[in-house]
Amino acid sequence: MADKKKSKKKSEETEIVEEIKPSKEEYEVAKWLRNNVPTKKTKFLNHNVQYFTGKKAVDALMASTWGTSIKEGDEPFFTSRAHCIDFLDVMLHNKFFHRAKKVPINEELLKGKKKVAKDEKDKKLMKEDKDKKDSSKEKKKKDDGESSHAEGKGQELSENEEERQKKKKKKVRLEMHFDQFFADNLDAYVWIYEPIPPHYWLFGALVVMAGIGVCLFPLWPPSVRLIVYYLSIAAAGFLVFVVFLTVVRTIVFCFLWIVTLGRHHLWLFPNLTEDVGFLASFWPLYKYEYKPPVETGKKKKKKKEKLSDNEDEPEPDQKEPDVEVIEEVEGTR
């Protein structure tokens, strides 16, 4: 009996569940929907996603070659909207897209999150508002005549604001829907399927071909191998030259900086080690900066004392010589 139980458990474990793979038609319909049905971008679980509505998808398929007969007497692929909805429901279960729930974002919810941070600021503003109100009461008495003219403008502005608010699109965020099925309505369906662009296949094929070509290097013609040899030497020499330039520019900068006590800064090829293009890394040829020495506190005090002493001394434009001349004249008398 024990052996039978063990054999049953092993048979249950070894049972392979065959997964239902999507058909070729499903892939073709998915590619067509991705290219022809309008989508919108939003955030879903902190990820940027694209979604479409079920009604637009059904309308687009029924108006396409999938829903109309190409030749007379031939039935289209989708004979009715119900058939189209059932097909898209199968695609949903095959994880081409999933159903999401639209949740409108109210400005009150956004403000509620920011209230905690603004409570302290509001208390300070309340005190300032009281002072402003007292001063504004006095101004209102003087501006009574002007207020009637401003009211007409205020009404026009309020009407324009209402029109703008109506034109504004409602912000929506998506949440996971527990009921996963396809319906012919305005529910949101988030794309999971992302077709691989054709240029990815091209670049991948080129990389594979390049790898195979490198592996077959001993079978190349001698002339081609010689050209590749010289090119590799030139590339290695260029790398050595760049390393030599970096060493020389640092030596020149350090030598000039030590000799001038940090006042003169000279960089040869300043963009050589920066994240720029090939040509931009070798231009400009040099960069020179002069940085004057920083004045300490004692030097500043000495300068202030000298300036104060110079202020006490008489200026050369004063009229002291005239006083001396007057004294000499009085002596002669």
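Up top is the structure.
Since we're looking at a predicted model, the values are computed, not measured. (Residues numbered from 1 in each chain as written. Predicted model: local features only at pLDDT ≥ 70, side-chain atom pairs only at ≥ 80, totals over all residues. Heavy atoms only, no water.)

(A) Focus on the nonpolar core. Core analysis: the largest hydrophobic core is formed by 25 residues, its most contacted members being Leu88, Phe97 and Phe182. With six residues, the top contributor of residues to this core is helix H4 (residues 81–93). Other than its neighbours up to four places away in sequence, Phe182 contacts Phe52, Gly54, Ala57, Val58, Ile85, Leu88, Asp89, Leu92, Phe97 and Tyr189. Core analysis: the second largest hydrophobic core is formed by seven residues, Phe44, Tyr51, Ala100 and Leu174 among them. (Core = buried A, V, L, I, M, F, W, Y, C linked by side-chain atoms within 4.5 Å. Buried < 20%, exposed > 50% of the residue type's maximum accessible area, 1.4 Å probe, protein only. Helix = DSSP H or I, 4+ residues; strand = E, 2+ residues; numbered from the N terminus. Contact = heavy atoms within 4.5 Å.)

(B) Focus on unusual backbone geometry. Looking along the chain, the bond that leaves Trp283 and enters Pro284 is cis, with omega of 5°. Of note in the backbone geometry, Lys95 takes a positive phi value of approximately 65° without being a glycine. Position of Lys95 among the secondary structure elements: in the loop between H4 and strand S3 (97–104). A relative accessible area of 64% means that Lys95 is categorised as exposed. With phi around 60°, Leu261 is a residue other than glycine that occupies positive phi space. Within the secondary structure, Leu261 is located in the loop between helix H8 (222–259) and strand S6 (264–268). Leu261 sits in the exposed class, given a relative accessible area of 71%.

(C) Geometry of the environment of Cys254. For Cys254, the position within the fold is in helix H8. Residue Cys254 is classed as partly exposed on the basis of its relative accessible area of 40%. Through-space distance from the C-alpha of Cys254 to that of Leu266 is 9.0 Å; in sequence the pair is twelve residues apart.

(D) Up close: the sheet that holds strand S4 (residues 172–176). Read across the open sheet, the five strands follow the order S1-S2-S5-S3-S4; overall the sheet is antiparallel. Each edge of the sheet is formed by a strand with only one pairing partner; in this case those strands are strand S1 (40–43) and S4. Adjacent strand axes in the sheet meet at a mean angle of 50°, parallel and antiparallel pairs treated alike. Judged from the three bridges that link them, strand S2 (residues 48–53) and strand S5 (residues 188–191) form a sheet pairing that is antiparallel. Following the sheet pairing, Tyr51 is matched in S5 by Val190. Where H4 meets the sheet, it contacts S3 and S5, and its direction lies at approximately 95° from that of S3. (Pairing = 2+ DSSP bridges. Axes fitted to C-alpha atoms, helices over the stretch in contact; angles between N-to-C directions.)

(E) How the structure looks around the pattern of salt bridges. Enumeration over the complete set of coordinates arrives at four salt bridges. With a closest N to O distance of 2.9 Å, Asp59 and Arg81 form a salt bridge. Of this pair, Asp59 sits in helix H3 (residues 54–63) while Arg81 is found in helix H4, placing the two residues 22 residues apart along the sequence. Judged by relative accessible area, which is 33%, Asp59 ranks as partly exposed. Each of Asp59, Arg81 and Asp184 takes part in one network of salt bridges that share partners. (Salt bridge = Lys/Arg side-chain N within 4 Å of Asp/Glu carboxyl O.)

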